[in-house]
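# Architecture and fold: a report
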Amino acid sequence: MTDPVFFAPSRRYTAGEVANLTGSVLVDSDLSDISIEALAPASEGGEHALVFVDGRRNFALMQSLRAAAVLCPAEFAGKAPAGIAVLVHPRPQQAFAMVGRLLFPAAATPAPMTGETGISPHAHVDPSSHVEAGAIVEAGAIIGPRASIGSGTVIAPHAVIGPSCQFGRDGYVGPGASIQYALIGNRVIIHGGARIGQDGFGFVAGAKGPERVPQIGRVIIQDDVEIGSNTTVDRGAMSDTIIGQGTKIDNLVQIAHNVRIGRNCIIAGLSGISGSVTVGDNVTMGGGVGLADHLTIGTGAKLAARSGFMSNVPAGEIWGGYPAQPMAEAMREIAALRRLARARKSGDGGKN
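Attention here is on the structure that accompanies the text. Just so you know, the residues in each chain are numbered from 1, in the order the chain's sequence is written. Thresholds applied to this predicted model are a pLDDT of at least 70 for local features of residues and 80 or more for the giving and counting of side-chain atom pairs; totals over whole chains, interfaces and linings are not thresholded and use all residues. Side-chain metrics rest on all non-hydrogen atoms present in the structure, leaving aside hydrogens and water.

### Concerning the overall build of the chain
To keep things clear, this is the line we draw: Helix numbering and strand numbering both begin at the N terminus, where a helix is a DSSP run of H or I of at least 4 residues and a strand a DSSP run of E of at least 2. Three labels apply to residues, based on accessible area from a 1.4 Å probe with only protein chains included: buried if under 20% of the type maximum, exposed if over 50%, partly exposed otherwise in between. Contacts between residues were defined by any pair of non-hydrogen atoms, one from each residue, lying within 4.5 Å. The method behind every accessible area is Shrake-Rupley, applied with a 1.4 Å probe, and residues are considered shielded solely by the protein chains displayed.
Tallying secondary structure elements over the chain gives four helices and 39 strands in all. For the chain, the spread of C-alpha atoms along the three principal axes comes to 75 × 75 × 40 Å. Every one of the 352 residues in the chain was classed for burial, and the buried ones make up 44%. The long-range share in the chain, meaning contacts at least 24 apart out of those at least 6 apart in sequence, stands at 20%. Of the roughly 18000 Å² of accessible surface on the chain, 54% is carried by carbon and sulfur atoms.

Written as structure tokens, this is what we have:
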């Protein structure tokens with residue numbers, strides 16, 4: 001039994017075409033017809049493969065490359081072995097990703113799992129819903145009453161779109177995902193197992209224990225958002241939970257009720273955002289970040305992985321640690337602790 005090929009290239013590209021498409025400079029024009037049909041890490045490469053090398057720590061890879069072509073910064077260009085097409089670009093990884101989207105479009109935008117088109121006879125689509133021509137609803141999917149699905153959007157097997165939800169055009173809802181009480185824009189990708197619009201975690205102390213506070217808000221997801229597998233986005237309590245345009249959210253992230261996330265944010269896996277947090281535009285969160293409720297994270301802030309936040313973060317600052325603080329302060333504290341530990345180990349009691 002042969003290994004299956006899950007992603008086949010859309011077509012062959014030449015080094016010259018890649019240079020034109022990415023705005024790269026092809027160092028040797030005689031190599032413009034070299035064929036590119038695959039992508040690979042620089043440490044592996046291979047025949048007809050495009051690789052990229054960036055960053056000083058990867059400089060040594062240039063001399064041992066085995067590839068058809070390499071994207072690299074100008075200062076690396078002279079170190080590639082003969083016969084490899086060298087494409088100079090100030091941001092090699094960005095250019096590499098662009099070529100990847102062209103070579104393997106199905107890997108960049110999820111495709112139907114069953115190969116079906118239109119509405120599967122094995123899906124349940126309520127008669128009062130509206131599914132535009134060109135949308136795909138696969139076997140086992142459920143479209144609830146008064147819901148609407150835009151043209152070009154794929155609803156994968158066993159996904160559920162709840163009553164009155166709206167999902168825009170050219171999007172994707174993965175297998176087993178559920179969406180309720182939500183309004184969703186165009187080109188939104190929601191991966192399998194995600195949960196959008198379920199109850200926020202709202203309780204108040206009562207005579208017999210915690211009593212539920214009704215969650216009557218919505219989830220608003222703007223255009224070009226991507227939400228990873230098994231991530232949860234709670235609907236608002238009375239106001240809305242909002243995710244801004246272009247934001248990308250990893251797998252296994254918890255976003256609580258009334259959270260407002262700005263545009264073009266990056267949120268890595270296992271992060272948790274408590275209720276009523278406001279996150280500005282262009283914020284980056286490393287994996288496992290935890291945010292206490294009602295915080296404000298300023299535009300352009302960077303939050304280090306595994307950090308716990310209990311206070312607001314000003315715009316543009318880099319914070320980390322537990323509890324989190326400005327990164328320079330956190331590093332000074334770590335350095336001081338290391339000095340103290342070394343001093344105790346040497347037996348001078350930390351006097352030096």
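### Quick look at the sheet that holds strand β17 (residues 178–179)
Basically, it comes down to this: Strand pairing is assigned whenever DSSP identifies at least 2 bridges connecting the two strands.
In space, the 10 strands of this open sheet follow the order β8-β11-β14-β17-β20-β25-β28-β31-β34-β37, with parallel pairing throughout. The strands lining the two open edges of the sheet, one partner per strand, are β8 (124–125) and β37 (308–309). The sheet contact formed by strand β20 (residues 195–196) and strand β25 (residues 232–233) spans two bridges and is parallel. By the bridge assignment for β25, Arg195 is matched with Thr232.

### As for the pattern of salt bridges
Convention followed: Salt bridges, as used here, are contacts in which a Lys or Arg side-chain nitrogen is within 4 Å of a carboxyl oxygen on Asp or Glu.
This structure, assessed with the given rule, holds eight salt bridges. The salt bridge partner of Arg11 is Glu17, with a shortest N-O separation of 3.3 Å. Classification of Glu17 by relative accessible area gives partly exposed; the value is 27%. For the salt bridge of Arg187 with Asp224, the shortest nitrogen-to-oxygen distance reads 2.7 Å. Here Asp224 lies in the loop between β23 (219–221) and β24 (226–227) and Arg187 lies in the loop between β18 (182–184) and β19 (189–190), a separation of 37 residues in the sequence. By relative accessible area, Arg187 is classed as partly exposed at 39%.

### Section: the pairing of strand β6 (residues 69–72)
Consecutive residues of a regular strand have side chains that alternate between opposite faces of the sheet. Burial along β6 is two-sided: the face carrying Ala69 and Leu71 and the face carrying Val70 and Cys72 are both buried. Pairing between strand β5 (residues 49–52) and β6: three bridges, direction parallel. The partner of Phe52 across the bridge, within β6, is Leu71. Where β6 and strand β7 (residues 85–88) come together, four bridges link them in parallel fashion. Looking at the pairing, Leu71 lines up with Leu87 of β7.

Purely geometric numbers; function is a separate question.
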